[in-house]
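Results of the structural survey
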Amino acid sequence: MGGVSRVPIHTAQGEARAAPEDDMNVESPRIEPVPLNVVRMTPPVEATLRILLNSVPYLIGAAVVRQPAVGEAVEAEVGRMPWLHDRRLLTLQLPDDSLPANRAILLDWPVPYQAEWVGAPPRLLISRLVTQDRTVGVLLGTLITREQISVQAREALDLSCELIAAAVGSDSLATAPAPVAAEEPHRLVVVPDEPLPEPEPSPLVAALPAEPEPVLNPKDEQDERDRLVVEEVGRALDELTDARSIGRVLRDAVTAIAGVDGFSVSLFNSVRREVAYRYKVVGADPDSAEMGRQSVDDGPDCYAARHDRRWHSYVREIGVRGPEGVEARKISVLQYPLVAADEIFGVATLQVFGDSGFSDHATRLVLRVIDVSSDRLAAVRRAARFQPSLTPSESAAAAVLPPVAAAPSSSPVSTAEAPTTDQILNDLVAGCAEIGLPTTFMVGVDPAAGLLRGELISSSSAAREFDYALGISVGRFTIELSDRYNAIARACREGRIVTSLTLDELVHPLRDADGAATLERLVQGGRATIVPITVSGDVVGALVVGPMADEPGFSTIVKVRDLVNDTASRLAEAWRTKP
């Protein structure tokens, strides 16, 4: 009766046992914190956080918490974030005047013991994420330095905050709580002795169906998100006056959009056909460094700069040294010509490992970002402002002018615009039709990808059927330049006129023998003559006369050759005069 009572405790396996008197002085085990609820991060937020870690020195972790806070949920987490165990930071409700919008500050915030931190005490980086005049989240970071961060790191940090705010804000549109109606003031109510009967519902009100809740259109949400990203990039470019600073902003933006492994911007010389300045950056892993050493063609003579298209994509291979020797790695390349005042003055290049390429949404969104920066890049290229200026007192308005205002007033005004590449090639196809060749088509040489690509085709009915089957005018007609069995590839490799007797020699390997025979019956002929187009000693494409039932005569081939030579001279002149 008078003995000491035994207190039940739990073992590591969860079984209850009686604690003897000798165990009463043993220290009780530390209770582990409840694990955090980490929400699956969206690709734009994840990519921007990783860019932030790579751009800001000594930043080893970052996380995003929604506002208003939803329990203890973390929107995204990358790297090492010991402060996430501090529940006070997960439930912050920051007023609008507490922190500047999308600007980070550094605090000496104590690290909780759960982090098991080793080393110098870190500093807490915190930023209030604001979009559309609404606080949508808080950015938290781990900075392991006591020094002041550089101006470049501060610019990258501010831009990342704006991009993260746009992404988190657009994601939270569907989950934003409805506004709470203001509570009416409490009033004194006198209750009678007998309860009053409950009012019966009005039949009119009862008959009305409940209004369905509005459903948000995912496409509208995506369009709004894209618009915010483009606007943020435009604002970030407002005060920049040199190509390197603009290239850094574009690098952060396209990496957040498309998750690239390599990015570069090349600006052409205004007099000579060469690259005057190139801003180039790759990832930190060894494969990305090897990608940067094996350069890609982004000069004035590359395929993207010579053709009037919004973008150009292809797949190339590089050799990467691995544990088992040199291995081949495929890289998807996406190039955008930089255009201002109808002039192609540079090329922006995106690269990513793999042959899957870029999504259609990412391709078009990057195009909008490139379009926003084209005029400013053209202005700094005209002013030769490639590196940051050493005299910051000079005004930005004097350094960056609109394309029309920046043009010299003393230059004579051209009365007739120079023909474009597409116009010159269309004239060649029209000239073939005038001499009695209604079925002709054209291919271009893409040396970087090692491919022949369909370009143009005549407008005859037989040509339309041929184009519908092979997709020449839409770019689906592609043949490897090294193909030994294709007559077009052989003519371009050897730089001579080649005659094809069957359609199989033109469409191999896009069609097998049976498919080529069926197509030959459809277009009523399979004979063709391939004439290569040579500009400044390089074969840039080929004109294919056919397919047709009979082989053209010698005089007709002579006329075609003269048309091709005239087209080559016009192309050389157009490319020589185009900066």
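Let me begin by describing the structure that accompanies this report. Bear in mind that the values here come from a model prediction, so they are computed numbers and not experimental data. (Residues numbered from 1 in each chain as written. Predicted model: local features only at pLDDT ≥ 70, side-chain atom pairs only at ≥ 80, totals over all residues. Heavy atoms only, no water.)

Considerations on the packing of aromatic side chains
A ring pair, where both rings are aromatic, is described by two values, the distance of the centres and the angle of the planes. Per the stated rule, a full pass over the model turns up three aromatic pairs. Taking the centre distance of 5.6 Å and the plane angle of 40° together, the rings of Phe441 and Phe466 count as tilted. You can see Phe441 sitting in strand S15 (residues 440-446) and its partner Phe466 sitting in helix H13 (residues 461-470), a full 25 residues away along the chain. Take Phe441 and Phe466: they sit in the same class, and that class is buried. (Phe/Tyr/Trp six-rings, centres within 6.5 Å; stacked < 30°, edge-to-face > 60°. Helix = DSSP H or I, 4+ residues; strand = E, 2+ residues; numbered from the N terminus. Buried < 20%, exposed > 50% of the residue type's maximum accessible area, 1.4 Å probe, protein only.)

Considering the pattern of salt bridges
As enumerated under the stated definition, the model contains 22 salt bridges in all. Residue Arg309 is joined to Glu455 by a salt bridge in which the shortest nitrogen-to-oxygen separation is 3.2 Å. In this pair, Arg309 is assigned in the loop between helix H8 (303-306) and strand S12 (312-322) and Glu455 in strand S16 (residues 451-457), connecting sequence segments 146 residues apart. You can call Glu455 buried: its relative accessible area is 7%. For the salt bridge of Asp427 with Arg570, the shortest nitrogen-to-oxygen distance reads 3.2 Å. Of this pair, Asp427 sits in helix H12 (residues 421-434) while Arg570 sits in helix H17 (residues 554-577), and the two are 143 residues apart along the sequence. Looking at Arg570, the relative accessible area reads 29%, which means it is partly exposed. (Salt bridge = Lys/Arg side-chain N within 4 Å of Asp/Glu carboxyl O.)

Things to note about H12
Across its 14 residues, H12 extends 20 Å between first and last C-alpha, which sits within 8% of the 20 Å expected from 1.5 Å per residue. Residues of H12 that are buried include every one of Thr421, Ile424, Leu425, Leu428, Val429, Gly431 and Cys432, and no others. Buried residues along H12 cover an arc of 155° about the axis, so they all sit on one side. With its phi angle positive at about 90°, Gly436 sits one or two positions after the end of H12. (Expected span 1.5 Å × (residues − 1). Arc of directions from axis to C-beta.)

Side note on the sheet that holds strand S7 (residues 105-107)
Strand order in this open sheet of five strands is S6-S4-S9-S8-S7, and the pairing throughout is antiparallel. Two strands in the sheet have a free side with no partner beyond their single neighbour: strand S6 (76-79) and S7. Pairs of neighbouring strands in the sheet enclose a mean axial angle of 20°, with direction left out of account. As judged from the four bridges shared by strand S4 (residues 59-66) and S6, these two strands associate in the antiparallel manner. When the sheet's bridge partners are listed, Val64 is paired in S6 with Ala76. (Pairing = 2+ DSSP bridges. Axes fitted to C-alpha atoms, helices over the stretch in contact; angles between N-to-C directions.)

Some words on unusual backbone geometry
That bond from His508 to Pro509 is cis: its omega, 5°, falls within 30 degrees of zero. If you trace the backbone, Pro509 turns up in the loop between helix H15 (504-507) and helix H16 (513-523). Here the residue pair Gly546 and Pro547 is connected by a cis peptide bond, since its omega of 0° sits within 30 degrees of zero. Among the secondary structure elements, Pro547 is positioned in strand S20 (residues 538-548). Phi angles above zero are rare outside glycine, and Asp342 is one such case at about 60°.

Quick look at the sheet that holds S12
Read across the sheet, five strands follow the order S11-S10-S14-S13-S12 without closing on themselves; strand pairing throughout is antiparallel. Each edge of the sheet is formed by a strand with only one pairing partner; in this case those strands are strand S11 (275-282) and S12. Across the sheet, the axes of successive neighbouring strands diverge by a mean angle of 20°, strand direction being ignored. Where strand S10 (residues 262-268) lies against S11, seven bridges are found, and the strand directions are antiparallel. Residue pairing in the sheet places Phe263 in a bridge with Val281 of S11. The strands that helix H6 (residues 243-258) touches are S10, S11 and strand S14 (343-353); relative to S11, the one it contacts most, it runs at about 40°. Here helix H7 (residues 286-293) sits on the sheet in contact with S10, S11, S12, strand S13 (325-340) and S14, set at roughly 115° to S12. (Contact = heavy atoms within 4.5 Å.)

Describing the packing of H13 against H16
Packing of H13 against H16 leaves a shortest axis separation of 9 Å and a crossing angle of 155°. Here H13 lies roughly antiparallel to H16, going by the angle between them. When the axes of H13 and H16 are compared, the crossing they make is right-handed. Where H13 abuts H16, its residues Ala462, Glu465, Phe466, Ala469 and Leu470 lie against Leu519, Leu522 and Val523. In terms of residue class, the contact of H13 with H16 is made up of seven nonpolar, no polar and one charged. (Parallel < 35°, antiparallel > 145°, perpendicular 65-115°, else oblique. Left-handed = near helix turned anticlockwise from the far one by under 90°. Nonpolar A, V, L, I, M, F, W, Y, C, P; charged D, E, K, R; others polar.)

Quick look at the packing of H6 against helix H9 (residues 360-382)
Direction vectors running N to C along H6 and H9 enclose 175°, while the axes themselves pass 10 Å from each other. As summarised for this structure, H6 and H9 are arranged roughly antiparallel, according to the angle between their axes. Seen from H6, the contacting residues are Ala243, Ile246, Leu250, Ala253, Val254, Ile257 and Ala258; seen from H9, they are Ala362, Leu365, Val366, Val369, Ser373, Arg376, Leu377 and Val380. In the contact of H6 with H9, the residues fall into 13 nonpolar, one polar and one charged.

Quick word on H9
If you check H9, its first and last C-alpha atoms are 32 Å apart, about what 23 residues at 1.5 Å a residue would give, namely 33 Å. In the structure, H9 departs most strongly from a straight axis at Ser373, where the bend amounts to approximately 40°. Just downstream of H9 lies Ala384, where phi reads positive at about 60°. (Bend = angle between axes of the 7 residues up to and from the residue.)

A few points about the pairing of S16
The element S16 is extensively covered by neighbouring structure, given that seven of its seven residues are classed as buried. Here S15 runs beside S16; their pairing, made up of six bridges, is antiparallel. Bridging from a neighbouring strand, Val445 pairs with Leu452 of S16. As consecutive antiparallel partners, S15 and S16 are separated by four residues, and within that stretch Gly450 has a phi angle of approximately 70°, a positive value. With three bridges connecting them, S16 and strand S17 (residues 478-480) associate as antiparallel partners. Residue pairing for S17: Arg453 is matched across the bridge by Thr478.

Some words on the environment of Leu350
On the secondary structure map, Leu350 appears in strand S14. The spatial distance from the C-alpha of Leu350 to the C-alpha of Ser332 is 8.2 Å, given a sequence separation of 18 residues. Those residues within four positions of Leu350 in sequence are excluded, and the remaining contacts are Val254, Ala258, Val260, Gly262, Phe263, Ser332, Val333, Leu334, Tyr336, Phe358 and Val366.

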